[in-house]
Amino acid sequence: MTSLQLLSFLLLSCIIVSASTYEGEEEEALGSQSEHTTTTKEQQNLETKFRLYRDTAEGSCQIFVNQLETLDKCSFNASLPLVMIVHGWSVDGILESWIWKMAAALKSQHNQMNVIIADWLTLAHQHYPIAVRNTRTTGQEIALFLEWLEESVQFSRSNAHLIGYSLGAHVSGFAGSFINGTKKIGRITGLDPAGPLFEGMSPTDRLSPDDANFVDAIHTFTKQHMGLSVGIKQPVAHFDFYPNGGTFQPGCHILHVYNHIAQFGIAGITQTVKCAHERSVHLFIDSLLHKDKQSTAYWCNDINTFNKGLCLSCKKNRCNTLGYSIREERLPKSRRLFLKTRAYTPFKVYHYQFKIHIINEIQGKPIDPAFTMSVAGTKKDAKNLHIPLVEGITGNKTYSFLITLDTDIGDLIMIKFKWEGTPVWENIWDTFQTIIPWTKGTHRPGLIVKAIRVKAGETQQKYTFCPQSIDNIHLHPSQEKTFVRCEDLFQRQNRK
Ligand SMILES: *[C@@H]1O[C@H](CO)[C@@H](O)[C@H](O)[C@H]1NC(C)=O
Ligand SMILES: *[C@@H]1O[C@H](CO)[C@@H](O)[C@H](O)[C@H]1NC(C)=O
Ligand SMILES: *[C@@H]1O[C@H](CO)[C@@H](O)[C@H](O)[C@H]1NC(C)=O
């Protein structure tokens, strides 16, 4: 079992184990459920606790439905927007630390905002299937809360933004579908919406684009194990983001468990298991804290096409910004957006498509694609970039691939393209030279790199590079060639 499978296995086995132990207790569980409903009706005292986040030592202030004075006491301001954070399934029954980080990040960036934590721990700290069923109850309670705010202090639901993680994403969806009246909640953000018992369900039984005026989702842990994945794979929003393909996240490899233990103590193990799932949360927090480093994601059919660099267009709104500052656009159909990220905050990377036209003069002999590249920019250089080509280089073809850089290197000026010939290759190459008698020219045959075309996703700039020296264009093992910008040259040729 690979470590990646092990991780999804650990988390999924929690879910499965809790599912199987649950069966015997069904009756008791149902009993407590109906009991809970009667209490709700009589006392208007909901199971969900609405905690207004305050940037003070007390941390939060609880608002009770039908107790207007608690709104004043907590300084709820009905003329400001509301962001409600909804947590997910709880293994240990305490509010996870990301919740406070998210609340603090929202407040630090947008002081003019009410931040409420919807604490449904008593319903979420249950066997997974019970917690799943409780998502409806909690969704209904959030809907009641918003209806009450509307009646009592004229707070418009269209000013509400629910941010739900894991099961909390579906809770938010239910809140959106249970709320009475024709108007919808403003926005719902699903952070790696839970997969088990939701994948493949009808839109009414999970988070869906109908649940709010605008719905966005970030999928970060959809790696399948035994037909299940922790995060839902299917699109559930207007814009569905799949960072790094959505299956797994960089920096979450089990090898990092040691770093996590150093950082979090023994809790580091759970931290590692949840790492990719919770990455959705940290990507969102990152979008609040790094205003100048917003990540762009691009509409694409699948990750393989994206990895070839073929989807970096922003024409006709094909790209969007991940996180809080997304462009809110209601589309008739869910749109899958892809992007790469770093393993740590700030997560933003710069995406480039490279298209390299290579002619292999030794026809019929595919060349191992062991190339590296260095790129000089107006701000910085990027050195020794590995070129992610897998297929052998044959005849006369253009290769397209995606390169990401961690920093903004500015406008591209020059590229150095190197063939990392191994000694073995050198030998084979020399053998070729002696075997193959060439008479046509005086040059040693090699690879001819005719042109390199680059498209920068973040700036939508296009560049064309040509060999610096036209006399000596043949590339041999261990050799490096320099390419310079030649758009002008190309344009002049085109005009003729
Ligand atoms: C509520 O927010 C508005 C808009 O920022 C502000 O003008 C008003 O003073 C606030 N009300 C209270 C009670 O703080
Ligand atoms: C919606 O209306 C029904 C019927 O008046 C009511 O029972 C319910 O509590 C209301 N709110 C929600 C969230 O269901
Ligand atoms: C490579 O292919 C292009 C288009 O298919 C063709 O015009 C060109 O002559 C070919 N070059 C070589 C060296 O085969």
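Along each chain, residue indices are assigned from 1 in the same order as the chain's sequence is written. By the order in which they are written, chains take letters starting at A while ligands take numbers starting at 1. Thresholds applied to this predicted model are a pLDDT of at least 70 for local features of residues and 80 or more for the giving and counting of side-chain atom pairs; totals over whole chains, interfaces and linings are not thresholded and use all residues.

A. Highlighting the overall build of the protein. Assigned secondary structure in the protein consists of 12 helices and 20 strands. Exposed residues have 12 or fewer other C-beta atoms within 10 Å of their own C-beta, buried residues have 20 or more, and residues in between are partly exposed; the C-beta atoms are placed from the backbone. The buried share of the protein, taken over its 496 residues, is 39%. Comment: elements are numbered from the N terminus, with helices defined as DSSP H or I runs of at least four residues and strands as E runs of at least two.

B. Structural detail: the nonpolar core. Each nonpolar core comprises buried Ala, Val, Leu, Ile, Met, Phe, Trp, Tyr and Cys residues, the members being joined through C-beta atoms within 7 Å. Counting 105 residues, the largest nonpolar core has Met84 and Ile85 as its most contacted members. Looking at which element gives the most residues to this core, the answer is helix 6 (residues 128–153), with 9 residues. Residue ranges assigned to each domain were obtained from an automatic or database domain assignment. Both domain 1 (3–339) and domain 2 (350–495) contribute no fewer than three residues apiece to this core. In this view, Ile85 contacts Ile99, Met102, Ala103, Ile117, Ala118 and Ile163; residues no more than four positions away in its chain are not counted. One finds Phe221, Val230, Cys275 and Ala276 within the second-largest nonpolar core, a separate group that totals 5 residues. The contact criterion used is a C-beta to C-beta distance within 7 Å, with each C-beta placed from the backbone.

C. Quick look at helix 4 (residues 97–109). Taking 1.5 Å of rise per residue, 13 residues should cover 18 Å, and helix 4 covers 19 Å from first to last C-alpha, within 8% of that figure. Of all the residues in helix 4, the buried ones are Trp98, Ile99, Met102, Ala103 and Leu106. Down the axis of helix 4, the smallest arc covering the buried residues is 140°, so these residues share one side. Summarising the geometry of helix 4, the exposed residues directed more than 90 degrees from the buried face are Ser97 and Ser108. Any helix carries an expected span of 1.5 Å times its number of residues minus one. The directions considered for the arc run from the helix axis to the C-beta atoms.

D. Broad picture of the site of ligand 1. Close to ligand 1 lie Asn77, Ser79, Leu80 and Gln112, which account for all nearby residues. Residue type decides the class: Asp, Glu, Lys and Arg count as charged, Ala, Val, Leu, Ile, Met, Phe, Trp, Tyr, Cys and Pro as nonpolar, and the leftover types, Gly among them, as polar. Its residues assigned to classes, the shell around ligand 1 shows 1 nonpolar, 3 polar and no charged. Using the backbone to place each C-beta atom, any residue with that atom within 6 Å of a molecule or strand is considered near it.

E. Inspection of the pairing of strand 12 (residues 350–360) at higher detail. Any two strands with at least two DSSP bridges between them are considered paired. Bridge count for strand 12 against strand 15 (residues 396–405) is 10 bridges, and the pairing is antiparallel. Bridge assignment links Ile359 to a residue of strand 15, and that residue is Asn396. Bridge count between strand 12 and strand 17 (residues 447–456): 9 bridges; the pairing is antiparallel. The partner of Tyr352 across the bridge, within strand 17, is Ala456.

F. A look at the environment of Gly176. Residue placement: Gly176 occurs in helix 7 (residues 167–178). Classification of Gly176 by C-beta neighbours within 10 Å gives buried; the count is 28. Spatially, the C-alpha atom of Gly176 lies 8.7 Å from that of Gln140, the residues being 36 residues apart in sequence. Setting aside residues up to four positions removed in sequence, Gly176 forms contacts with Lys184, Ile185, Ile188, Asp211 and Ala212.

G. Structural detail: the packing of helix 6 against helix 7. For every element, the axis is a line fit to its C-alpha atoms; helices are fit only across the contacting stretch, and the angle between N-to-C directions ranges from 0 to 180 degrees. Helix 7 packs onto helix 6 with a crossing angle of 45° between their chain directions and a minimal axis gap of 7 Å. Judged by the inter-axis angle, helix 6 sits oblique to helix 7. As helix 6 runs across helix 7, the sense of the crossing is right-handed. Note on element contacts: helix 7 touches helix 6 through Leu167, His170, Val171, Gly173, Phe174, Ala175 and Phe178, opposite Ala131, Val132, Thr135, Arg136, Thr138, Gly139, Gln140, Ile142 and Ala143. Residues belonging to the contact of helix 6 with helix 7 are distributed by class as follows: 9 nonpolar, 6 polar and 1 charged. Comment on the angle field: the value is read as roughly parallel under 35 degrees, roughly antiparallel over 145, roughly perpendicular from 65 to 115, and oblique elsewhere. Each helix crossing is assigned a hand: it is left-handed if the near helix lies turned anticlockwise from the far helix by less than a right angle, otherwise right-handed if that turn is clockwise.

H. Seen up close, the UniProt feature "active site" (unreviewed entry) in the protein. Here, the residues flagged by UniProt with the feature "active site" (unreviewed entry) are Ser166, Asp192 and His277. Their sequence span is 112 residues, while the largest C-alpha to C-alpha distance among them is just 7.9 Å; these annotated residues converge on one region. Relative to the assigned elements, Ser166 resides in the loop between strand 5 (160–165) and helix 7. Judged by the 29 C-beta atoms lying within 10 Å of it, Ser166 falls in the buried class. Inspection of the secondary structure assignment puts Asp192 in the loop between strand 6 (185–191) and strand 7 (212–218). In this structure Asp192 touches Tyr165, Ser166, Ile218, His219, Thr220, Phe221, Gly231, His277 and Ser280, once residues within four positions along its chain are discounted. UniProt positions are given in the numbering used here, feature names are shortened, and annotations may be inferred rather than shown by experiment.

I. Representation of helix 6 within the structure. Taking 1.5 Å as the rise per residue, helix 6 with 26 residues should run 38 Å; its terminal C-alpha atoms sit 36 Å apart, in good agreement. By the largest-angle criterion, Asn134 marks the main kink of helix 6, which is about 30°. One or two residues past the end of helix 6 sits Gln154, with phi positive at roughly 55°. Note on bend: at a given residue it equals the angle between the axes fitted to the 7 residues ending there and to the 7 starting there.

J. Just the sheet that holds strand 8 (residues 239–243), in detail. Read across the sheet, 11 strands follow the order 2-1-4-3-5-6-7-8-11-9-10 without closing on themselves; strand pairing throughout is mixed. Looking at the sheet topology across the chains shown, the edges are occupied by strand 2 (60–63) and strand 10 (319–321). Here the average twist between neighbouring strands, direction ignored, is 25°. Where helix 4 meets the sheet, its contacts fall on strand 1 (49–53), strand 3 (82–86) and strand 4 (114–119), and the angle it forms with strand 4 comes to roughly 165°.

K. Focus on the environment of Cys300. Tracing the backbone shows Cys300 in the loop between strand 9 (296–299) and helix 10 (303–307). When the C-alpha atoms of Cys300 and Ser313 are compared, they prove to be 9.5 Å apart, with 13 residues separating the residues in sequence. For Cys300, the residues in contact, after removing those within four places along its chain, are Thr305, Phe306, Cys311, Arg336 and Phe338.

L. Quick look at the pairing of strand 16 (residues 412–419). Relative to strand 16, strand 13 (residues 371–377) is paired through 7 bridges, and the arrangement is antiparallel. Across the sheet, the residue bridging to Met373 is Phe417, located in strand 16. Summarising the sheet, strand 16 and strand 20 (residues 480–485) pair through 5 bridges and their orientation is antiparallel. Across the sheet, Phe417 pairs through a bridge with Lys481, a residue of strand 20.

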